[in-house]
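Overview (structure and organization)
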Amino acid sequence: MNTTRLRASVPVALLLLVGGGAVWGGVLDTGVRTVEVLLRYSHFEPDVITVEPGETVRFVVHNGDPIDHEFIIGDAAVQRAHERGTESFHAPRPGEMTVPAGATRETTYTFPPAPATLILGCHLPSHYAYGMRAAITVG
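From a predicted model like this one, the values you see are computed outputs, not experimental measurements.

Definitions and cut-offs
Residues numbered from 1 in each chain as written. Predicted model: local features only at pLDDT ≥ 70, side-chain atom pairs only at ≥ 80, totals over all residues. Heavy atoms only, no water. Core = buried A, V, L, I, M, F, W, Y, C linked by side-chain atoms within 4.5 Å. Buried < 20%, exposed > 50% of the residue type's maximum accessible area, 1.4 Å probe, protein only. Helix = DSSP H or I, 4+ residues; strand = E, 2+ residues; numbered from the N terminus. Pairing = 2+ DSSP bridges. Axes fitted to C-alpha atoms, helices over the stretch in contact; angles between N-to-C directions. Contact = heavy atoms within 4.5 Å.

**Observations concerning the nonpolar core**
With 23 residues, the main nonpolar core has Val37, Phe44, Phe59, Phe71, Ile73 and Phe111 as its most contacted residues. Breaking this core down by element, the ones donating at least two residues are β3 (33–40), β5 (48–51), β6 (56–63), β7 (69–74), β8 (96–99), β10 (116–121) and β11 (133–138).

If you want it as structure tokens, here you go:
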């Protein structure tokens, strides 16, 4: 490698490191917390999640079941609307997605700036009634 090419690549590497966020142990520190959720036996694990008001959380959701599930974050009104709805597939959008059997999907959600109680639910036929929900405490 010639010295001119090496000198040109060092400032680029420093710019990427500083400008793109700090890197520690191979993980980009963006200030967004990651919460892993396992869908297993038609339940969410963990079944209670606590977040700070205004916090942005990246959810990495692993479906360990042989059937599809949903991942819907919202208050009781949102959950009622989805329970009555006819949307059998959710394109990824913040706080709402379909997680196919055996798959892993991600969504990022920014929680309200004030304390609240939200629900994480799955509304495929009979799943919510079976108990496929989790509590999310904001605050």
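**Here we look at the sheet that holds β10**
The mixed open sheet is built from five strands, whose spatial order is β5-β11-β10-β7-β8. Looking at which strands have only one partner, the edges of the open sheet turn out to be β5 and β8. Here the average twist between neighbouring strands, direction ignored, is 20°. Two strands pair when backbone bridges link them, and β10 and β11 are joined in this way by six bridges, in the antiparallel orientation. Paired with glycine 121 across the strands is arginine 133, a residue of β11. Taken strand by strand, helix α2 (residues 76–84) contacts β7, β8 and β10, and its axis lies near 145° from that of β7.

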